Amino acid sequence: MPDDRLPAGIIGFGRVGGAFAGALIQAGHPIVAVTARSPASRERAGLILPKLDPVSPSRLAKQADLVFLTVPDDQIKDLAESLAKVWRPGQIVVHAAGVYGWEVLEPVSRAGGIALAVHPVMTFTGTSLDVARLRGTPCAIDAAPGMAPLAAALALELGGQPFVVSSEHRPAYHAALAHAANHLVTLICQAAEVLRASGVDSPAEVLGPLTRAALENALSSGAGALTGPAARGDDATLAAHLASLVSYAATRGALVDGSIAVDDAARQALALVSSYQQLASATLEMAAGDGRITADQVRSGLRVLRPEPDGAVPRSARPVPSALPEPGAEDPRPARPVPLAAPDAGRAGQHQVVRTWPELTGALAPGERTVVMTMGALHQGHLDLVEAARQAGGQVIVTIFVNPLQFGQDEDFERYPRDLEHDLMVLSQAGADLVYAPQVLDIYPDGEPVVTVDPGSFASRFEGAIRPGHFTGVLTVVHKLLSRTGASAAVFGEKDAQQLAAVQRMNLDLDLGVRIIPVATRRESDGLAMSSRNAYLSVDQRRAALVLPRAIEAGAAAAAGGASAHQVRQLARRELGRGDNPELPEYMDLVDPMSFQPVPGDWVGVARLIGAFNAGPARLIDNQLVRIGGHGAST
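Because the structure is a prediction, the values reported are computed rather than measured.

Draft legend 1. Representation of the side chain of Thr-374. Positionally, Thr-374 belongs in strand β12 (residues 369-374). By relative accessible area, which is 6% here, Thr-374 ends up buried. Polar contacts involving the side chain of Thr-374 include one to the main-chain amide nitrogen of Gly-376, which spans 3.2 Å. Filtering out sequence-adjacent residues up to four positions away, Thr-374 remains in contact with His-382, Val-398, Thr-399, Ile-400 and Phe-401.

In structure tokens, the structure reads:
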């Protein structure tokens, strides 16, 4: 950097911004402007730079020759674009995000400025300790061709040690860091909570020496540092661990066998059980790769870690439900603690993949067949459907087809997530016998079909009204796939409750004779119903979207407390209106579960509380069965 230090400005005075400010001051850069929106940021700026009043980003960009964008990662691109008319030639603009390279600041380069990425590999506290933490910290840099030396010099001025991570590698680099640092915090906090429940008064004192030693050993020896029951293939200890954690979850109100959690404490307890299972499963695989245990020991350990009725978890350690849900009733459960990989290692890798109708016909087995219809981008909720198909018996057929007929003109058909390789890998471990993944021309060889299935009244309400033609497309492709597979049973998730009801009605009215098997909604750890479209959400959008399951839960709780249909509907609508998202919900209503007609305010009996919510690029739906009139929620 030149001897006459550049006047600097910091947009976003959070923890990273405060650390950079202190380092810049020590390096002799005059800080001429800052922005600070939150009370905490304004207070931090006032302590470090008491003579500066926060200004707007555009004013700062006009005043400073060296600008740092230390805002949340998902805001950087939009912020850089919003200041496109303000950036000027020669101006140096730096972002500190690990996930992006310099190209995210393209508007700066377009204006003749110099775009740099400088990411310190450190977590900050927002205190005066942060400047000292920067000294010697590795800093991942990236810059336009020829500008890397400038980025390196700036990293050195901040006290860091520069190393290059180019743009194409940034997401994986950042994922590795987040996996290590962020999830380590989750792991330590979970372990500390179990220790407290076990009577340990000072979990930090107990965990500190052990975890520090484990971290040092892992950094120096890699997989050679592995210890514990998974690393030595000790199934008995794994089973004892899992049983004790299941019992712990039960004390927090979680029904692990049915995966029901009634509040935040119960959901966190279920997440802890799932964390143990996932990490123990990964440790088994790593120990096998290091030659410590055999493939047979891995398979044995994975079976132990499955919380199935025939698994190794002692049933006496599981809480007994006080009441079972009625057939077909919604089970608003968070993610059941089953590893995504290898739910049944004995069936792994056995499925056959076909891409055309003739190939499908040749691969169909005689006897009973159960089909699971998906559009790919598979998640754990889809694996619940496959598991239900396995329980139904016969040949398990999974279809993967993004159906253009059910997407409207302005909907997300082109950008709907597609990753067939990943989906086939997941299904190879899920127990599917046959995967049918056709192209559009295989399903619709003559283009859009002339004869389709009329959804009747379902087309005029809720999803049908908002998405004209959607249920025509859904029912048409469902009918075609049932016909092509010759299915005796088909599995559908209850998250898409109106779709399920429409399929059930088609099956009844057209005498298809197929057994329709509903499967309860699986939820993320934060309560959001699992959906392939969740991948569209930024952190802020996802946080806003959580108002939808909260509203559903509020309505269900009111029903359980004896509220009328009118009261349940109004309470859920009011709760939904309290979200952070400025966009209004498309609907929140209480309907008849089969016809999807809104029920009257004096309704008595089972109803389905349904809602839809726009969260940025994703439109999310959710629902729950409730009982109105003295019996509470049907969960």
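Draft legend 2. Region of the structure containing helix α20 (residues 497-509). Helix length check: α20 (13 residues) gives 18 Å between terminal C-alpha atoms against 18 Å at 1.5 Å per residue, within 8%. Listed in full, the buried residues belonging to α20 are Ala-497, Gln-498, Gln-499, Leu-500, Ala-501, Ala-502, Val-503, Met-506 and Asn-507. Looking at the buried positions of α20, the neighbouring elements they touch are α18 (463-466), α19 (470-485), β15 (489-493), β16 (515-519), β19 (605-615) and β20 (618-628). After α20 finishes, the residue Asp-511 shows a positive phi value of roughly 55°.

Draft legend 3. Quick look at the environment of Asp-526. By secondary structure assignment, the location of Asp-526 is in the loop between β17 (522-523) and α21 (539-545). Not counting the four nearest positions on each side in its chain, Asp-526 is found in contact with Arg-542 and Leu-546. Within polar-contact distance, the side chain of Asp-526 engages the backbone nitrogen of Leu-528 at 3.1 Å.

Draft legend 4. Just the pattern of salt bridges, in detail. One pass over the full model with this rule turns up 20 salt bridges. In this structure, Glu-81 engages Arg-110 in a salt bridge whose closest nitrogen and oxygen atoms are separated by 3.1 Å. Taken as a pair, Glu-81 in helix α4 (residues 76-82) and Arg-110 in helix α5 (residues 106-110) lie far apart in primary sequence, 29 residues in all. For Glu-81, a relative accessible area of 43% gives the class partly exposed. In this structure, Arg-523 and Asp-622 form a salt bridge, with 2.8 Å as the shortest nitrogen-oxygen distance. In this pair, Arg-523 sits in strand β17 while Asp-622 sits in strand β20, placing the two residues 99 residues apart along the sequence. No difference in accessibility class separates Arg-523 from Asp-622, as the two residues are buried. A single network of salt bridges, built from pairs that share partners, joins Glu-81, Glu-106 and Arg-110.

Draft legend 5. Focus on the packing of aromatic side chains. Scanning all chains against the criterion turns up 4 aromatic pairs. When the centroid spacing of 5.4 Å and the interplanar angle of 75° are considered together, the rings of Phe-20 and Phe-68 count as edge-to-face. Separated by 48 residues along the polypeptide, Phe-20 in helix α1 (residues 15-27) and Phe-68 in strand β3 (residues 66-69) bring together distant segments of the chain. The buried category is assigned to Phe-68, whose relative accessible area is 0%. Ring centres of Phe-163 and Tyr-173 lie 6.3 Å apart, and the angle between their planes is 70°; this geometry places the pair in the edge-to-face category. Pair noted here: Phe-163 is in strand β7 (residues 161-164) and Tyr-173 is in helix α8 (residues 170-197), with a separation of 10 residues, a long-range link. With relative accessibility at 13%, the residue Tyr-173 sits in the buried group. Above the ring of Trp-357, the side-chain terminus of Arg-484 is found at 4.0 Å from the ring centroid.

Draft legend 6. Seen up close, the packing of α8 against helix α9 (residues 203-221). Contact geometry for α8 and α9: axes closest at 9 Å, N-to-C directions at 135°. Our classification of the angle between α8 and α9 gives oblique. α8 and α9 meet at a crossing whose hand is right-handed. Across the interface between the two elements, Ile-188, Ala-191, Ala-192, Leu-195 and Arg-196 from α8 touch Pro-203, Val-206, Leu-207 and Thr-211 from α9.

Criteria and thresholds
- Residues numbered from 1 in each chain as written.
- Predicted model: local features only at pLDDT ≥ 70, side-chain atom pairs only at ≥ 80, totals over all residues.
- Heavy atoms only, no water.
- Helix = DSSP H or I, 4+ residues; strand = E, 2+ residues; numbered from the N terminus.
- Buried < 20%, exposed > 50% of the residue type's maximum accessible area, 1.4 Å probe, protein only.
- Polar contact = N/O pair within 3.5 Å; in protein donor to acceptor, adjacent residues only side chain to side chain.
- Contact = heavy atoms within 4.5 Å.
- Expected span 1.5 Å × (residues − 1).
- Salt bridge = Lys/Arg side-chain N within 4 Å of Asp/Glu carboxyl O.
- Phe/Tyr/Trp six-rings, centres within 6.5 Å; stacked < 30°, edge-to-face > 60°.
- Lys NZ or Arg CZ within 6 Å of the ring centre and 35° of its normal.
- Axes fitted to C-alpha atoms, helices over the stretch in contact; angles between N-to-C directions.
- Parallel < 35°, antiparallel > 145°, perpendicular 65-115°, else oblique.
- Left-handed = near helix turned anticlockwise from the far one by under 90°.

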